[in-house]
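# Observations on chain architecture
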Amino acid sequence: MPVYRQGYRRWEERALAGRAWRWLAITRAGVALTARSRWLRRFLYVAWLPLLYYAFAFFVVGRLTEASTVARVENTWQFAVFQGLFGGALTERFLEDPASFRPLVWSLLLHMFLRYTQVVSVMIVVAITGPRLVSEDLRSRALALYFSKPIGRVDYLVGKLGVVGFWVGMVSFVPCLGLYALSIVFSPSLDTLLHTWHMVPRIAAFSLILIVGTGAPMLALSALNPNPRLLGFAWAGLWVLSSVASSIVYLTLRPPWEEATTHAGTDWSGLVSLWTNFDAVSFRVFDIASRMGPVAEVSPDAQSWLERLQPGHDWRWSMLLIALASALSLVVVAWRVGRPGEAGAR
């Protein structure tokens, strides 16, 4: 029978070596293809701009948490401003052992760096790179070509998720790790590394949550929607509308004429917002509450700041929603891709 009449043929030979890394070929090809986007390359420069002022902030706190530096600036007006902002009790504790504040300050700055800038960058990067990953394969019937090789659905899913993960990591893990490296370089002594080394696994953990929590839903949407351009705008709109819906739910449950009191575990409106769910997980990953709790006990201003930062619901619910959405999304992609023998028919 001529080759062109045989169609799809399942791989029947023995398994090749290196099965655990077969997905890497799909990831490499996907990254090379998405890297051609001029919009993506331009946006990466924008996503890295916050490093400039956060690096300066780390430079300042790195100097201030050194006992020798504190002794020199104790009588300056800048330190008087610090004392006026946070109160005398907290200032006295800071003067006793400034190095003990390093884990708190590093956790706060990294959390704020991810919360206010990089999560938005992740949303935009996923909107640029994700819509065509599965929809193009379905439209061009390229799945038969994939599965005619010794590649299974798991390899395909991990490979496509790796494409999103690469670009999400470029605006989350890489900038955070670079920021942490700069903070160590700017510090007067290596004691800073001993006090803050645990920030690295926390950065990696939250970056992995961002990769799976945003990449898997985008792959599912790409598998269900054949229009990549529309899907990119729909993805960005989903983030905006979820935040608007969260505000509406909050105002419905707590009207503005009632007394506004913020207590953790009593405001569930944040579960509606994608951004708030990732914020709640980040708050827990960087362990802000336990690090800031002793400081808040001696400073009413720090207590007020902690209440503003702390999510209104238990972070476990946000983590559960992210995990369920990611698992359901991967099931949808696996269903759309189909069994290897059915790939060409879809």
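Residues numbered from 1 in each chain as written. Predicted model: local features only at pLDDT ≥ 70, side-chain atom pairs only at ≥ 80, totals over all residues. Heavy atoms only, no water.

### Topic: the packing of aromatic side chains
Evaluated as defined, the whole model comprises 9 aromatic pairs. Considering the side-chain rings of Trp235 and Trp239, the 6.1 Å spacing of their centres and the 65° angle between planes classify their relative orientation as edge-to-face. Highlighted residues: Trp235 and Trp239, both in helix α14 (residues 228–253), separated by 4 residues, approximately one helical turn. What makes Trp239 buried here is its relative accessible area of 6%. Lying across the ring of Trp39, Arg42 places its NZ or CZ 5.9 Å from the centre. (Phe/Tyr/Trp six-rings, centres within 6.5 Å; stacked < 30°, edge-to-face > 60°. Helix = DSSP H or I, 4+ residues; strand = E, 2+ residues; numbered from the N terminus. Buried < 20%, exposed > 50% of the residue type's maximum accessible area, 1.4 Å probe, protein only. Lys NZ or Arg CZ within 6 Å of the ring centre and 35° of its normal.)

### Side note on the packing of helix α1 (residues 23–34) against helix α10 (residues 153–171)
Between α1 and α10, the least distance of the axes is 8 Å, while the angle of their chain directions is 40°. Our classification of the angle between α1 and α10 gives oblique. Note on packing geometry: the crossing formed by α1 with α10 is right-handed. For the pair formed by α1 and α10, the contact residues are Trp23, Ile26, Thr27, Gly30, Val31 and Thr34 on the first element and Asp155, Tyr156, Val158, Gly159, Lys160, Gly162, Val163, Phe166 and Trp167 on the second. Taken together, the residues of the contact of α1 with α10 break down into 8 nonpolar, 5 polar and 2 charged. (Axes fitted to C-alpha atoms, helices over the stretch in contact; angles between N-to-C directions. Parallel < 35°, antiparallel > 145°, perpendicular 65-115°, else oblique. Left-handed = near helix turned anticlockwise from the far one by under 90°. Contact = heavy atoms within 4.5 Å. Nonpolar A, V, L, I, M, F, W, Y, C, P; charged D, E, K, R; others polar.)

### So, the environment of Leu271
Relative to the helices and strands, Leu271 is located in the loop between α14 and α15 (274–285). Remark: the alpha-carbon pair of Leu271 and Pro311, spanning 40 residues in sequence, is separated by 9.9 Å. Contact partners of Leu271, with chain neighbours within four places excluded, come to Asn277, His313, Trp317, Ser318 and Leu321.

### Structural notes on the environment of Val119
Looking at where Val119 falls in the secondary structure, it is placed in helix α7 (residues 102–129). Classification of Val119 as buried rests on a relative accessible area of 5%. Not counting residues up to four positions away in its chain, the partners in contact with Val119 are Leu114, Trp239 and Trp275.

### Section: α1
End to end, α1 covers 17 Å across 12 residues, agreeing with the expected 16 Å (1.5 Å per residue, within 8%). Listed in full, the buried residues belonging to α1 are Ile26, Thr27, Gly30, Val31 and Thr34. Buried positions in α1, seen along its axis, are confined to an arc of 130° and lie on one side of it. Opposite the buried face of α1, by more than 90 degrees, sit the exposed residues Ala25, Arg28 and Leu33. Among the structural elements, α2 (38–48), α7, α9 (143–147) and α10 are those in contact with the buried residues of α1. (Expected span 1.5 Å × (residues − 1). Arc of directions from axis to C-beta.)

### Points about the side chain of Thr276
Secondary-structure assignment places Thr276 in helix α15. Looking at Thr276, its side chain comes within polar contact range of the side chain of Ser273, at 3.2 Å. Once you skip the residues sitting within four places of it in the chain, Thr276 turns out to touch Gly270 and His313. (Polar contact = N/O pair within 3.5 Å; in protein donor to acceptor, adjacent residues only side chain to side chain.)

### Regarding the pattern of salt bridges
One pass over the full model with this rule turns up 6 salt bridges. Two residues, Glu136 and Arg139, come together in a salt bridge whose shortest N-O distance is 2.6 Å. Residue Glu136 and its partner Arg139 are located together in helix α8 (residues 132–139), separated by 3 residues, close to a single helical turn. Residue Arg139 is classed as exposed on the basis of its relative accessible area of 58%. Its salt-bridge partner being Asp287, residue Arg284 comes within 3.7 Å of it at the nearest N-O pair. According to the relative accessible area criterion, Arg284 is partly exposed, its value standing at 38%. Counted as one network, the salt bridges with shared partners bring together Arg132, Glu136 and Arg139. (Salt bridge = Lys/Arg side-chain N within 4 Å of Asp/Glu carboxyl O.)

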